[in-house]
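# Overview (structure and organization)
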Amino acid sequence: MQRIEITADTPLSALFRKEHHEMLRDIINSWQSALTDSSEKDALEMTSFRFDFDRLRPIEVYLDLTKLVIHDGLCLPLSLLAHYMATHSNLSKSEVSLYTQLKRYRRLCEKN
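A brief report on the enclosed structure follows.

Calculation criteria
- Residues numbered from 1 in each chain as written.
- Predicted model: local features only at pLDDT ≥ 70, side-chain atom pairs only at ≥ 80, totals over all residues.
- Heavy atoms only, no water.
- Helix = DSSP H or I, 4+ residues; strand = E, 2+ residues; numbered from the N terminus.
- Contact = heavy atoms within 4.5 Å.
- Salt bridge = Lys/Arg side-chain N within 4 Å of Asp/Glu carboxyl O.
- Axes fitted to C-alpha atoms, helices over the stretch in contact; angles between N-to-C directions.
- Parallel < 35°, antiparallel > 145°, perpendicular 65-115°, else oblique.
- Left-handed = near helix turned anticlockwise from the far one by under 90°.
- Nonpolar A, V, L, I, M, F, W, Y, C, P; charged D, E, K, R; others polar.

## A look at the side chain of Ser13
Secondary-structure assignment places Ser13 in the segment before helix H1 (21–31). If near-sequence neighbours (up to four positions away) are discounted, Ser13 is found in contact with His21, Leu24 and Leu44.

Shown next, in the form of structure tokens:
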């Protein structure tokens with residue numbers, strides 16, 4: 001398993017395998033209209049994800065991330081993705097809550 005130190009400057013793409021970066025880019029680009037801190041950066045360089053939840057429901061973000069996890073795109077434990085999103089987004093301030101939701105949606109998606 002790859003070792004990554006997660007800092008404020010770590011892009012989300014660092015948590016995913018390179019062969020899944022185009023899928024991740026498409027997902028992040030689909031979030032653009034709901035990001036309040038959107039920048040001109042390439043999607044794979046983005047480090048902050050502040051969502052306007054009037055434009056995008058949290059479940060959509062969880063499901064998008066789950067797609068990548070199910071396709072074996074994540075190169076770290078799911079708990080580190082939860083930590084990343086807790087510190088780099090407004091999806092939830094609780095790592096435990098994020099982790100629980102990611103696990104829940106992964107189980108649901110794997111059944112379908």
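The structure having been displayed, the exposition proceeds.
## So, the pattern of salt bridges
Applying the stated criterion across every chain yields a total of 5 salt bridges. The closest approach of N and O atoms between Arg25 and Glu22, which form a salt bridge, is 3.3 Å. Of this pair, Arg25 and Glu22 both sit in helix H1, separated by 3 residues, roughly a single helical turn. With a shortest N-O distance of 3.7 Å, Arg57 and Glu60 are connected by a salt bridge.

## What about the packing of helix H3 (residues 78–88) against helix H4 (residues 95–111)?
One can describe the packing of H3 onto H4 by two numbers: an axis separation of 8 Å at closest approach and a directional angle of 130°. For the element pair H3 / H4, the angle class is oblique. The way H3 lies across H4 gives a crossing that is right-handed. Contacts between H3 and H4 involve Leu78, Ser79, Leu81, Ala82, His83, Met85 and Ala86 from the former and Glu95, Leu98, Tyr99, Leu102, Lys103 and Arg106 from the latter. Classifying every residue of the contact of H3 with H4 by side-chain character gives 8 nonpolar, 2 polar and 3 charged.

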